[in-house]
Structure formats: C-alpha cells, structure tokens
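# Report on the structure
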Amino acid sequence: MDSDKVEIDGGIMEGGGQILRVSTALSCLLGLPLRVRRIRAGRSQPGLRPQHLSGLEIIRDLCEGKLEGGEIGSTEITFTPGKIKGGTHIADTKTAGSVCLLMQVAMPCVLFAASPSELHLKGGTNAEMAPQIDYTVMVFKPIVEKFNFTFNCDIKKRGYYPQGGGEVVVQMSPVKELSPINLTERGTVTKIHGRAFVAGALPIKLAKDMSAAAVRCIRKEIRDLYINIQPVREPDDQAFGTGSGIIVVAETSTGCLLAGSSLGKRGKNSDKVGIEAAEILLRNLKHGGTVDDSMQDQLIIFMALAKGVSRVKSGPITLHTQTAIHFAEQLTKAKFTVTKSEEEDPSKDTYIIECQGMGMINPNL
C-alpha cells in the first residue's frame, strides 16, 4: 500500500543529502515507511552518491529495514523500517565520503536501540562539505551530550580526499528518553585552542604556518587571550593518504563551544587555510549565539526527539537548519519556533530556536 508511505521531496530547500539523513533517521525511529523523491535535486550531480548510499545502508541494517532504489545515482528510494537493534554495524563509503555524516544519520537511531551499539564508520575523516572528525570530537560531542547521553568516538585512522581510508569506531548505549537543552547564555570567551595537522607527504612546517596565521588573525580582534593551536603531524600508521587542515575552538565561561575550521588542498597557501578557519570562528563569535553555524542544524533532530522544551540561541538561521526543522516537523509531533532574540546590542544578529519536543520513549528499555 503506497498510500501509507510518507512522501518526502528531496529537492526543496537545501536540496541535498541532509534531507535524506534527517528523514530516514526519523523514519527508522518512528517506524514510518518513507518514499523520498528528487534526491539531491539541488546539487550539480543529483541522486545518491556513495556517501548517501552508505548512510541509507547503515540505517537499513540498524533496523533490519527494506530499502528500494538504493544504488549510486538513484533519485528515488523507498524505505520500510523494522525494529532498531544494537550490536556491531559497519558502514564504508569506499571513498572520502564523510564518516561524520554517517554518524549524523546513525546516532539518533542507536540511542533508541534495544542494546548497546558499536558503529565502524569508514571513509573520509576530514572531508569538504562536512564537519571534520576533530569538530565532532571537540565541539559536537560535548554539546550533544547535554541531551543526557554519552558516546565514545575512537579515531582508528584518519583518511583524506580523494581516497578516504579513514575509520572511526563509535560506541553508545541506548537511553530511555532525551532531556531537553537550554543553551541561551553565551558568556565570555575564556580560551581558544585547536590543532593544525598535516599527514602523509606534507611537512610539519605547513601545520606551523596554518597555526601561526590563525593566531595572527584572531589577535587582531581578541588581544588579551591565550591562544593555543597545536601543530601536529599525524603518525603514519594512523593516517591514510596526504592531507592537512586546522580547527580552532573558542570556549566560553558558560561552557559554550564555537569553532572555525578549514582544509588544505593543492595550490592553497597554508596561511590562507589558517586565516579561513580563524575568520569563520570570529564570525561565529560575532553573532552572539551559543552555537556556531555548523552545530545549529545538527541539534534539530535531538531537540525534536527530546522530552520538553529545548532552547538554543544561534546566529542567523542557516538553510540547513531551516531544512532540518521543516522535515522534523513534517515527520514528528515536535513544534519549532524561531524568533529574533531581544538583544541589548542591536549589532548582534541572534535568534532563539525553541522546540517542544515529541518526547520519544525507547520502547526497548
């Protein structure tokens, strides 16, 4: 019976892989059969890429579901979820497709599994158009754990564009329900730290250059704060391929974490990589929100599932966040409101994202 399926248009709003991640994760959690059409219609190469297919396959395996249309280039899939079970699951993009995006799709599901899970995610750990694994560990993990769960993320091997070859192992135990979060007080920046890395054939000098350039850039705006960006060369047995990049994290007096990051690529000056990361961080600090632009949309699914009212203060709402809210509301009973924050300082462009969560209860516990 096709009439029972929830119909999702994968080409609206952000029009990319995120629609697939949010809707299939919620389909799995809520036991809703799903049809997604016009997959990634907003992208230059529409349809499923290896990255998205791996995400769909891990969700299918997590809940012993049925997936139709699951091949590279497919623009339509139907997904019929089963019961979420724990245990060990492997997802391999076989490319530099981001392991962090695989984590985004799988994590909400395994929280409501019957037993603990171990996810072996293979692909790119530091990939374009996705959070770097360092961001996931340094920023995403401490913030998302405020919903009252914990997870362990072990970086076995780092992998870079174009081959990937990285692997992370994520371990987590299921929860009965998620608590709401209240992230509305920014506080003051107390420290700035980070890491600039090189791997493979690149000399440590590039990491030092990225680090120094980022520090110089931040110093122009923030003069009296200790900034510690470690230059590191990834050990050869813990990195596959050649890559470089930097992440810079600001910590505030209220425990907020905001970051800026950038990846090196051939022909891109290492100073420029460092400056790019620093400028993204400064932009995130300027808007006055408690989360940065990369974190915004990643919180939406958890806010929707939590019991009670969550509130997050953010900078301007990104298209990714608007998209996540749209599909979370379409599939769950959660209700979101976004209002301009009443700031004393009119130069701050801040918003309050509020969500009355659906209060998902784990039926297995």
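Residues numbered from 1 in each chain as written. Predicted model: local features only at pLDDT ≥ 70, side-chain atom pairs only at ≥ 80, totals over all residues. Heavy atoms only, no water.

### Concerning the overall build of the protein
Going by this rule: Helix and strand definitions here come from DSSP, where helices need a minimum of 4 consecutive H or I residues and strands a minimum of 2 consecutive E residues; each element is numbered from the N-terminal end. Both definitions apply: the radius of gyration is a C-alpha atom measure, and the globule rule equals 2.2 Å times residues to the power 0.38. Residue exposure (1.4 Å probe, protein chains only): buried if accessible area is under 20% of the type maximum, exposed if over 50%, otherwise partly exposed. Here, two residues are considered to be in contact whenever any of their heavy atoms come within 4.5 Å of each other. A 1.4 Å probe and the Shrake-Rupley method give the accessible areas. Residues count as covered only by the protein chains that appear here. By the counting rule applied here, Lys and Arg register as positive and Asp and Glu as negative, while His and the ends of each chain are not counted. For this purpose, a charge sits on NZ of Lys, CZ of Arg, CG of Asp or CD of Glu.
Broken down by element type, the protein carries eight helices and 17 strands. A globule of 365 residues ought to have a C-alpha radius of gyration of about 21 Å, and the protein, at 20 Å, matches this closely. Seen through its principal axes, the protein has C-alpha atoms that stretch 60 × 50 × 40 Å. For the protein, buried positions account for 55% of its 365 residues. When contacts within the protein are restricted to residue pairs at least 6 apart in sequence, long-range pairs at least 24 apart make up 75% of them. When the accessible area of the protein is evaluated, it comes to approximately 15200 Å², of which 51% is carbon and sulfur surface. Charged side chains in the protein number 43 positive and 40 negative. The centres of these two groups are separated by 3 Å.

### Some points on the sheet that holds strand β15 (residues 309-314)
Formally: Between any two strands, at least two bridges found by DSSP are needed for them to pair. Only the stretch in contact is used when fitting a helix axis, every axis being a line fitted to C-alpha atoms; angles between N-to-C directions are given from 0 to 180 degrees.
Reading across from one edge, β9-β15-β17-β16 is the order of the four strands in this open sheet, with mixed pairing throughout. Taken across any chain shown, the strands that pair with only one partner, and hence form the sheet edges, are β9 (182-183) and β16 (335-340). With six bridges joining them, β15 and strand β17 (residues 351-356) adopt antiparallel strand pairing. Among the inter-strand pairings, V309 is bridged to a residue of β17, identified as Q356. Contacts between helix α7 (residues 293-305) and the sheet are confined to β15, β16 and β17, with β17 contributing the most and set at about 25 degrees to the helix. Contacts from helix α8 (residues 319-331) reach β16 and β17, with the element oriented near 150 degrees to β16.

### A short note on the pairing of strand β8 (residues 166-172)
The buried fraction of β8 amounts to six of the seven residues, a majority that puts the element mostly inside the structure. The pairing of strand β6 (residues 117-123) with β8 spans seven bridges and is antiparallel. Within β8, the position partnered with S117 by the bridge is M172. Both strand β7 (residues 151-159) and β8 contribute to a ladder of six bridges, which runs antiparallel. The partner of D154 across the bridge, within β8, is V169.

### Quick word on the side chain of R186
The following threshold applies: Take a side-chain nitrogen of Lys or Arg and a carboxyl oxygen of Asp or Glu: if they are within 4 Å of each other, that pair is a salt bridge.
Mapping R186 onto the fold places it in the loop between β9 and β10 (189-199). Within the buried set, R186 has no salt-bridge partner at all; the shortest N-O distance to an opposite charge, 8.7 Å, is to D293. If we ignore the near neighbours within four places in the chain, the residues touching R186 are T252, T254, C256, L258, N284, L285, H287, G288, G289 and T290.

### Details of the UniProt feature "active site" (unreviewed entry) in the protein
This is how it is decided: UniProt positions are given in the numbering used here, feature names are shortened, and annotations may be inferred rather than shown by experiment.
UniProt records the feature "active site" (unreviewed entry) at H320, using the numbering of this structure. Mapping H320 onto the fold places it in helix α8. We classify H320 as partly exposed; its relative accessible area is 31%. Beyond its immediate stretch of four places on either side in the chain, H320 contacts E14, Q18 and D297.

### Structural notes on the sheet that holds strand β3 (residues 66-68)
The four strands lie next to each other as β1-β2-β4-β3, forming an open sheet whose pairing is mixed. In this open sheet, the two strands that pair with only one neighbour each are β1 (6-9) and β3. The mean inter-strand angle of the sheet, taken between neighbouring strand axes irrespective of direction, is 15 degrees. Examined bridge by bridge, strand β2 (residues 34-37) and strand β4 (residues 77-80) share three bridges and lie antiparallel to one another. In the strand pairing of β4, R35 is matched with T78.

### Remarks on the domain arrangement of the protein
Reports of interface size often rely on the accessible area that becomes lost once the parts have come together. In plain terms, the rule: These domain limits were set by an automatic method or by a database of domain assignments. Throughout, buried area stands for the accessible area (probe radius 1.4 Å) lost by two parts on being put together, summed over both. Pairs of N or O atoms within 3.5 Å make up the polar contacts considered here, provided that, within protein, one atom can donate a hydrogen while the other can accept it, and that residues adjacent in sequence are counted only when both atoms are side-chain atoms.
When its domains are assigned, the protein resolves into domain 1 (6-183 + 291-358) and domain 2 (189-286). For domain 1 versus domain 2, the distance between C-alpha centres works out to 25 Å. With 24 residues of domain 1 in contact, the opposing surface of domain 2 contributes 26 residues. With both chains or domains summed, domain 1 and domain 2 bury close to 2000 Å², and 58% of this area falls on carbon and sulfur atoms. Among the residues domain 1 hides against domain 2, the three largest losses belong to Q132, M138 and Y160. Together they make up 31% of the total. Ionic pairing is found between E234 and R158, a salt bridge with its closest N-O pair at 3.3 Å. The interface formed by domain 1 and domain 2 includes 10 residue pairs in polar contact (both at pLDDT 80 or more). Sorting the residues of the side of domain 1 that touches domain 2 by element identifies α4 (133-144) and β7 as the ones contributing at least two each.

### Considerations on the environment of E185
The residue E185 is located in the loop between β9 and β10 in this model. Spatially, the C-alpha atoms of E185 and K313 are 7.7 Å apart, while their sequence positions differ by 128 residues. Once residues lying within four places of it in the same chain are set aside, the contact partners of E185 are T254, C256 and T290.

### Examining the packing of aromatic side chains
Geometrically, a pair of aromatic rings is defined through the distance of the ring centres and the angle of the planes. Note the cut-off: Two rings belonging to Phe, Tyr or Trp (six-membered ring only in the last case) form a pair when the distance between their centres is within 6.5 Å. Interplanar angles under 30 degrees mark stacking, angles over 60 mark edge-to-face geometry, and anything in between is tilted.
Throughout the structure, instances matching the rule amount to six aromatic pairs. Summarising the aromatic geometry, the rings of F140 and F151 are spaced 6.3 Å apart at their centres and angled 55 degrees between planes, so their arrangement reads as tilted. Of this pair, F140 sits in helix α4 while F151 sits in strand β7, and the two are 11 residues apart along the sequence. The buried category is assigned to F140, whose relative accessible area is 4%.

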